[in-house]
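# Working through the structure, step by step
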Amino acid sequence: MSMTDRAADTPAEPAGQRASRPRVVVIGAGFGGLSTVQSLHGAPVDITLVDQRNHHLFQPLLYQVATAGLSPADIAAPIRAITRHDRNVEVLLGEATGIDVARRLVSVLDTAVRTVPYDILVVATGARHSYFGHEEWARFAPGLKTVEDATLIRRRILLAVERAETETDAEEYRRLLTFVVGGAGPTGVEMAGAISELVRGIAASDFRRVSPKSARIVLVEAGPRPLAAFPPDLAAYAGRALQNLGVEIRLGTAVTGIDAGGVQLGTERIEARTVIWAAGVQASKAAEWLGAAHDRAGRVKVTDHLTLPDHPEIYVIGDTALALDTNGRPVPDLAPAAKEAGQYVGRSIRAGLRGRAAKPFRYRHYGDLATIGRNRAIIEFGRLHIRGFLAWVLWGIAHIFFLIGFRNRVVVMVDWLWSYVWFRGNARLITNVERHDQDEPGQDGIGLAENAE
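Basis of the calculations
- Residues numbered from 1 in each chain as written.
- Predicted model: local features only at pLDDT ≥ 70, side-chain atom pairs only at ≥ 80, totals over all residues.
- Heavy atoms only, no water.
- Pairing = 2+ DSSP bridges.
- Helix = DSSP H or I, 4+ residues; strand = E, 2+ residues; numbered from the N terminus.
- Axes fitted to C-alpha atoms, helices over the stretch in contact; angles between N-to-C directions.
- Contact = heavy atoms within 4.5 Å.
- Left-handed = near helix turned anticlockwise from the far one by under 90°.
- Nonpolar A, V, L, I, M, F, W, Y, C, P; charged D, E, K, R; others polar.
- 1 Å grid on protein atoms, 1.4 Å probe; cavity = no way out; pocket = protein on both sides within 12 Å on 5 of 7 lines; lining within 4 Å.
- Points joined across faces, edges and corners; volume = space filled by probe spheres on them.
- Salt bridge = Lys/Arg side-chain N within 4 Å of Asp/Glu carboxyl O.
- Buried < 20%, exposed > 50% of the residue type's maximum accessible area, 1.4 Å probe, protein only.
- Core = buried A, V, L, I, M, F, W, Y, C linked by side-chain atoms within 4.5 Å.

Below, the discussion takes up the sheet that holds strand 24 (residues 377-381). The strand order 23-24-25 describes an open sheet built from three strands, whose pairing is antiparallel. Every interior strand has two partners, whereas the edge strands, strand 23 (368-371) and strand 25 (384-388), have only one. Within this sheet the neighbouring strands show an average axis-to-axis angle of 5°, counted without direction. Where strand 23 lies against strand 24, four bridges are found, and the strand directions are antiparallel. Paired with D368 across the bridge in strand 24 is E380. The strands that helix 11 (residues 389-401) touches are strand 23, strand 24 and strand 25; relative to strand 25, the one it contacts most, it runs at about 105°.

Pasting the structure below:
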């Protein structure tokens, strides 16, 4: 049951009783952090939930905001609304900037730097974009991790088509209607398919001079095939589905440069005004804060109880952690895995309060899903492989099922399907744009300066 589905508030407890209870600090209100808080509902602990944003984001559908299929409010919910029925939960809007392990303090920056003490700490700070040492590319090729990222990408895509409508120079016209996506994992595949449908769809219905045939969407992957984590047959189907949508797939090709005018692929250059990065992620700075061992992606190496070695009071979960499954393989950086970890941490804390030792964490992998456009998807449930429209329907149901803290799931499903299938028009609004007398291609790649949204 979601936190917002509860009919009654948790009764407040006497101040003296609350003062003696363990203090649990949870950093991050993503799937892992919120699942931890939810699993501690009614437990005799006081919880401080810290996040630098005031909303929980359903990140698996973020690409649909970036491609104007959904609005941000469709996939985000205020953290305080989600936790309002839990009187033992305090929400702190601020950015965690450090952890003092010896003194058990978390440094948080809001209007000023403050320290938050803890008895038990849960670090669920997620991941950020990785440009493999080329951080200067971020200016020209945004990744997709936040609502701000999604609205920025949406704005660039829509503005590129608007500019193309009045562009008289043939070369610039082609550049404006060329879209490059770096990385053919699930995010890259979903973005490429959605961009193709968006641009070609609105070009055919809403514009007079932009031809749908002029749109060029290029998906670049350094590996030998798209969706490397999926079985070869499903990956091959996804590749064919993308090609049917008009997406060019460049395999075995690494991006070597990105600037305001396009992408360099070794000796080849693709002129493009819109480039999107989906090729790599880096864990948060948690390993640095904790002084902990970590892998190349910055993920903290944890025990089979998801705790920091020698510090059983510190849990690290989600994209921030390098946890291993029963086969010794890393637990994948997926929303269901983070949710499982958060639920485990809640059970583990409850067991500790009763003086019992929790069993080790055992990750249960339910399968992999990816969508290609508006009516195709692939699903891998062990030996069961599903593709096409049925997979797309199951993909939608699975995403609704994993919603945390949103409205009634049936209402969400109906609203989401209506918005998604019928391509609701107000999701294609272009906001927060200032026109300047002279182009600023370094600012947004198409000669329009943007304000933060």
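Now, onward.
Now for the packing of helix 2 (residues 31-39) against helix 10 (residues 335-353). Close contact between helix 2 and helix 10 brings their axes to 7 Å; oriented N to C, the two are set at 35°. In this structure, helix 2 meets helix 10 at a crossing whose hand is right-handed. Contacts between helix 2 and helix 10 involve F31, G32, S35, T36 and S39 from the first element and A335, A338, K339, G342, Q343, V345, G346 and R350 from the second. A per-class count over the contact of helix 2 with helix 10 returns four nonpolar, seven polar and two charged.

So, about the sheet that holds strand 11 (residues 178-182). Strand order in the open sheet formed by four strands is 13-12-11-17, and the pairing between neighbours is parallel. Edge positions in the sheet fall to strand 13 (247-250) and strand 17 (274-277), since each of these pairs with one other strand and no more. Between one strand axis and the next, the sheet turns through 20° on average, direction left out of account. For strand 11 and strand 12 (residues 216-220), the ladder comprises five bridges, and the chain directions are parallel. Bridge pairing in strand 12 links T178 to R216. Lying on the sheet, helix 7 (residues 186-205) is in contact with strand 11, strand 12, strand 13 and strand 17; it crosses strand 12 at an angle near 175°. Lying on the sheet, helix 8 (residues 232-244) is in contact with strand 12 and strand 13; it crosses strand 13 at an angle near 135°.

Our focus in this paragraph is empty space enclosed by the protein. Summed over all chains, the structure comprises four cavities of 30 Å³ or more. Taken together, 14 residues form the lining of the largest cavity, with G318, A323, V331, A337 and A341 sitting closest to its centre. In terms of residue count, the dominant contributor to the lining of the largest cavity is helix 10 (three residues). Of the residues in the lining of the largest cavity, the class split is eleven nonpolar, one polar and two charged.

Put simply, helix 5 (residues 147-166) and helix 7 touch, their axes get as near as 11 Å, and they point 35° apart. As helix 5 runs across helix 7, the sense of the crossing is right-handed. Of the residues in helix 7, those touching helix 5 at I153, I157, L158 and V161 are M191, I195, L198, V199 and I202. Considering only residue class, the contact of helix 5 with helix 7 consists of nine nonpolar, no polar and no charged.

Now for the pattern of salt bridges. Inspection of every chain in the model, using the stated rule, returns 19 salt bridges. With its nearest N and O atoms 3.3 Å apart, the salt bridge here joins D119 to R23. Placement of D119 in the loop between strand 8 (113-117) and strand 9 (120-123) and of R23 in strand 1 (residues 23-27) is noted, with a sequence separation of 96 residues between them. Residue D119 is classed as partly exposed on the basis of its relative accessible area of 26%. Overall, the relative accessible area of 38% leaves R23 in the partly exposed class. Sharing partners across several salt bridges, the network here consists of E171, E172, R175, D259, R269, E271 and R273.

So, about the nonpolar core. I195 and I378 are the most contacted members of the largest nonpolar core, which has 64 residues in total. No other element matches the nine residues that helix 7 contributes to this core. Leaving out residues up to four positions away in the same chain, I195 has contacts with T67, I157, F179, V181, I217 and I276. Among the nonpolar cores identified, the runner-up in size contains 54 residues, and V25, A29, A124 and Y344 belong to it.

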